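# Topology and contacts: notes
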Amino acid sequence: MRLWRLFTSRSPFVLRALGAGAACAALAMGPRPVRAQDAPQAARAQTGAEKAHQMLAQIRSVEIPRVSRAPKFEDFIDGTPREAELTITDFRQIDPGDGDPVSQPTTAYLSYDDKNIYAAFVCKDDPSKIRASIARRDSIFSDDRVDISLDTFDDNHRNYWFESNPYGVQIDGVNTDGADDINFDTLWYSEGRIVQDGYVVLITIPFKSLRFPNVPEQKWGVMLSRAIQRNNEWANWPYVTWRLMPSWAGQFGDLTGIRDISPARNMQFIPYVGFSRSRNRDTDLLGPTGYGTGYGDDNDFRAGLDAKFVLRDSLTLDMTVNPDFSQVESDEPQVTVNQRYEVYFPEKRPFFMENADYFSTPENLFFSRRVADPQFGARLTGKIGRWGVAALVGDDRAQGKAMPEDSEHYEDRAVVGVFRLYRELGKESRAGALFTSRDFGDSSNRVFSLDTRLKLTPNTTLTGQWMRSWSERLDGTSRSGGGAYVKLSQSGRHFNASAYYRDIAPEFETDLGFITRVDVRETGGNVGYSWRPEKSVVLSYGPSVSGSFIYDYGGTLTDWNFTPSFSVSLPRYTTLTYSHAEIFERFEGIDFRMRGDSISLSSEWQKWLRLSGGLDKGTAVNYYPAYGMSPTRANSTATSFAMTLLPVPQLQIDETYLYTRLATEGGGSRPIFNNHIWRTKVNYQFTREFSLRAIVDYYATLPNEKLFLSSDRQKQLGLDFLFTYMLHPGTALYVGYTDNYENLRYDPSKSPLVQRGSFPDTSVGRQVFVKFSYLLRI
């Protein structure tokens, strides 16, 4: 079984990857540079909340100057005099210290002109200790890096962020109420270089890449940041503290002085062409392997156009003709064997990823991978004053293609629509509505939802949602059901707690959402405390406890769990966590009482090596027993191991291994199944634009046919090669080759003719493809 791991170290990586809803409090600067030593002596002497409030009382508004000459990267290398610029030096830690000055001198310079906003960072450091790689875009979370975050509507709700490592490799995203979406990609520029006494980065962001109010003078929220990985250090201007969680953009500094700007005419076109040739083994279903003895070839040519129009600077209309819905990147490996509920795989198709946060609600009622095979799509997103709006329409050919050829609905299309509206209720609070619709033939599914997020105190938020569904099925039957969710959260630097209630009726259905379970009335929560000793090798440590109770609508207790854990955080993002779980689960009318223990370790101790691993051991349910058998409790073992090697800045080697085993209890234990997943991923970055990536995947499920439902001893081997030239998002060339093998044997003396062998050396499908897209911005 998988035990919950709810206690995590607080780091910039955790913040970005998990969207922890970190808080920050804003300290701003006057027209001259502000240095750490300029802070009042009282601020240095005070600790805890007193120090936080002392620093918050300082000026938090700055004015950015306009320049006629754009700053050049070399100006910051050789010290060439520049036009007027806003200079910021007073960076303060959020981790590991709380308001301590940044450990390495850091200076940022801000300016703007008619077309762009500029942020230059001069970061002092020992070059031999700097962590940086010449990596693919969006792959630098373990590098030292700098960041500028902009709340362009000054709504304390949603902000852009742009990060660069010392080589100028980029990652960007959008943060909404503390939750990050790194699928956001836009056009901006960055240059970076490691120099004798540290590194220098220049970030240039075109106004065409931002959305902001159509007013003569802008007022934006701003935060500047620097990450020093070896120290677990994340420092910001203005001052940021976990004590004021969950506020994030709500406590940025105020950036004024940007006047008379507009993206003007802002249209974007991305034409693309793609060609693939594939060879696949036929699927005549000769026996349990699902494969026949022959092969078929297929050629596919695609061309299309994506268009983007910015309306009044704040609304974006995306339209497409024969859209590019292909997925270049493969999914990360996950365990899917013996899972009671559907496993979540995140979206990777560009059209659906952009601005996906506009459609998010506490309960996931729009999961875009439900739209499996679309041919067209259009989307409108943006803000009008304090209102946020989003709409998406498209079709889906998947269900029609899956129907029998003699069905009246064969090759019919589903029509999909999603509509979202919300209004800000002051700073950091809002209320909204969502409507989703899917029609296929005579069937339909409608879902309507109301939701809210209210900030009750600087550390307390209340989240709530009500929803209702109406469904008509192809067989003429109909059903309707409702649901609700409410959560109260308290967050801080040391103490964190939450409590929630979820209620989903048995009749509730959402064709476009990701709701894994209905007929539940669930109450749960968690509480945790973290000690943060000063001047200690242990950066933080502490316990946490989580638990929940679930009843069905008939009043029967179906589940409960109680999971205490303890975590220790050390330098260089080294974290050790131990958890114990006590679990009750009712499945198919049978009560199961289970327990388990889990230990995990992760570390980036060396800049060329990252390690993580875990062991879960206990009991679990065999949800899929052999025919004629009932579900049983069994011994469960799950291990995971991941390693990343960076021998040179251009080369990254990732190894991942997942192992899951279920076996009978008692003496003479027999295996129920063994599941092995192994991936080797190698990426060589010739330049920031050119890369070559290779993936080798191995997958094996080895069931005991007397105890497990599946008797197919399947082994798979996958080879995946991808050459990429990406000048910037929208302009890219991909050349790829994939080849998949399984353990098949053709034996004319046996029935069925195709049997399982011992090694996956029979090709079942291979493909070569080329895809090219080009961004035209007008």
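Per chain, residue numbering runs from 1 following the sequence as it is written. Predicted model: local features are reported for residues with pLDDT of at least 70 only, side-chain atom pairs are reported and counted for 80 or more only, and whole-chain, interface and lining totals are derived from all residues. Side-chain measures were taken over the full set of non-hydrogen atoms in the model, leaving aside hydrogen atoms and water.

### Observations concerning the overall build of the protein
Across its full length, the protein holds 6 helices and 41 strands. Here's how the labels work: a residue is buried when its accessible area is under 20% of the maximum for its type, exposed when over 50%, partly exposed in between, all with a 1.4 Å probe on protein chains only. Evaluated residue by residue, the protein yields a buried proportion of 53% over its 778 residues. Long-range pairs, those at least 24 residues apart, make up 61% of the contacts in the protein with a sequence separation of at least 6. Of the accessible surface of the protein, which amounts to about 33,100 Å², a share of 57% is contributed by carbon and sulfur atoms. Helix and strand definitions here come from DSSP, where helices need a minimum of 4 consecutive H or I residues and strands a minimum of 2 consecutive E residues; each element is numbered from the N-terminal end. Contact definition: two residues touch when any of their heavy atoms are within 4.5 Å. All accessible areas in this document rest on Shrake-Rupley with a 1.4 Å probe, and a residue is counted as covered only by the protein chains that are shown.

### Considerations on the packing of aromatic side chains
Aromatic ring pairs are described here by two measures, namely the spacing of the ring centres and the angle between the planes. Stacked, tilted and edge-to-face are the three classes applied to pairs of Phe, Tyr and Trp rings, where Trp contributes its six-membered ring and a pair requires centres within 6.5 Å; stacked means planes under 30 degrees apart, edge-to-face means over 60, and tilted covers the rest. Counted by the stated rule, this structure contains 23 aromatic pairs. Between Y344 and F514, the ring centres sit 5.0 Å apart and the planes meet at 85°, which makes this aromatic pair edge-to-face. Placement of Y344 in the loop between β17 (315-321) and α5 (350-353) and of F514 in the loop between β25 (495-504) and β26 (520-529) is noted, with a sequence separation of 170 residues between them. Ring pairs connect the aromatic residues Y160, F162, F184 and W188, which therefore count as one cluster. The rule is short: NZ of Lys or CZ of Arg within 6 Å of the ring centre and within 35 degrees of the ring normal puts a charge over the ring. A cation sits over an aromatic face here: R430 above Y422, 4.8 Å from the ring centre.

### Some details on the nonpolar core
In terms of nonpolar packing, the biggest core is built from 39 residues, with I117, I148, W220, L224 and L255 touching the most fellow members. Secondary structure elements with two or more residues in this core: β2 (86-88), β4 (106-112), β5 (116-124), β6 (145-151), β7 (158-164), β11 (198-206), β12 (220-228) and β13 (233-237). Remark: nonpolar core denotes a set of buried residues (Ala, Val, Leu, Ile, Met, Phe, Trp, Tyr, Cys) joined through side-chain atoms within 4.5 Å. Core analysis: the next-biggest nonpolar cluster, separate from the first, contains 21 residues, Y358, A390, L434 and F508 among them.

### Observations regarding the pairing of strand β30 (residues 590-606)
A strand pair is defined by DSSP finding two or more bridges across the two strands. In the sheet, strand β29 (residues 574-587) pairs with β30 via 13 bridges, with the strands oriented antiparallel. Bridge assignment links T575 to a residue of β30, and that residue is S602. With antiparallel pairing between neighbouring strands as the criterion, β29 and β30 make up a hairpin whose turn holds 2 residues, including E588 at a positive phi of roughly 50°.

### Overview of the pairing of strand β37 (residues 731-742)
Bridging between strand β36 (residues 714-728) and β37 involves 12 bridges; their strand directions are antiparallel. Note on β37: the bridge partner recorded for H728 is T731. Hairpin connection, β36 to β37: the antiparallel pair is bridged by 2 residues, and G730 has positive phi, about 105°. Bridge count between β37 and strand β40 (residues 762-773): 11 bridges; the pairing is antiparallel. From the neighbouring strand, A732 faces β40, where its bridge partner is S773.

### Here's the deal with the pattern of salt bridges
The term salt bridge refers to a side-chain nitrogen of Lys or Arg lying within 4 Å of a carboxyl oxygen of Asp or Glu. Counted by the stated rule, this structure contains 48 salt bridges. Its salt-bridge partner being D125, residue R230 comes within 2.7 Å of it at the nearest N-O pair. In this pair, R230 is assigned in the loop between β12 and β13 and D125 in the loop between β5 and β6, connecting sequence segments 105 residues apart. In this structure D125 comes out as buried when scored by relative accessible area, which is 8%.

### Quick word on a nonpolar patch on the surface
Where nonpolar side chains cluster on the molecular surface, the patch consists of V273, F275, F301, F772, Y774 and L776 and spans about 570 Å² of accessible area. One can find V273 in strand β15 (residues 267-281). Residue V273 is classed as partly exposed on the basis of its relative accessible area, which comes to 38%. A patch consists of residues whose relative accessible area exceeds 30% and which take part in no salt bridge; residues with like charges are grouped when within 9 Å of each other, and nonpolar side chains (Val, Leu, Ile, Met, Phe, Trp, Tyr) when within 5 Å.

### A look at the confidence of the model for the protein
In the predicted model, the protein carries a mean pLDDT of 86, and 88% of its residues have values of at least 70. pLDDT is a residue-level measure of predictor confidence that goes from 0 to 100. Within the model, the stretch residues 1-45 combines pLDDT values under 50 with 161 contacts to residues more than four positions away or in other chains.

### Some words on the sheet that holds strand β10 (residues 189-195)
The sheet built from 5 strands is open, its strands ordered β2-β4-β5-β11-β10 with antiparallel pairing. Looking along the sheet, the strands with just one partner apiece sit at the ends: β2 and β10. The mean inter-strand angle of the sheet, taken between neighbouring strand axes irrespective of direction, is 10°. Relative to β11, β5 is paired through 9 bridges, and the arrangement is antiparallel. Bridging from a neighbouring strand, N116 pairs with P206 of β11. Axis lines are fitted to C-alpha atoms, over the contacting stretch for helices. Their N-to-C directions set the angle, which ranges from 0 to 180 degrees.

### A word on the environment of G481
Positionally, G481 belongs in strand β24 (residues 478-490). Sequence spacing of G481 and I504 is 23 residues, and the spatial spacing of their C-alpha atoms is 7.9 Å. Leaving out residues up to four positions away in the same chain, G481 has contacts with M467, R468, S469, A505, E507 and F508.

### Brief notes about unusual backbone geometry
Cis geometry is found at the peptide bond from D95 to P96, where omega equals 0°. Among the secondary structure elements, P96 is positioned in the loop between β3 (92-95) and β4. Look at D260: it is not a glycine, yet its phi comes out positive at around 55°. By the secondary structure assignment, D260 is in the loop between β14 (253-256) and β15.

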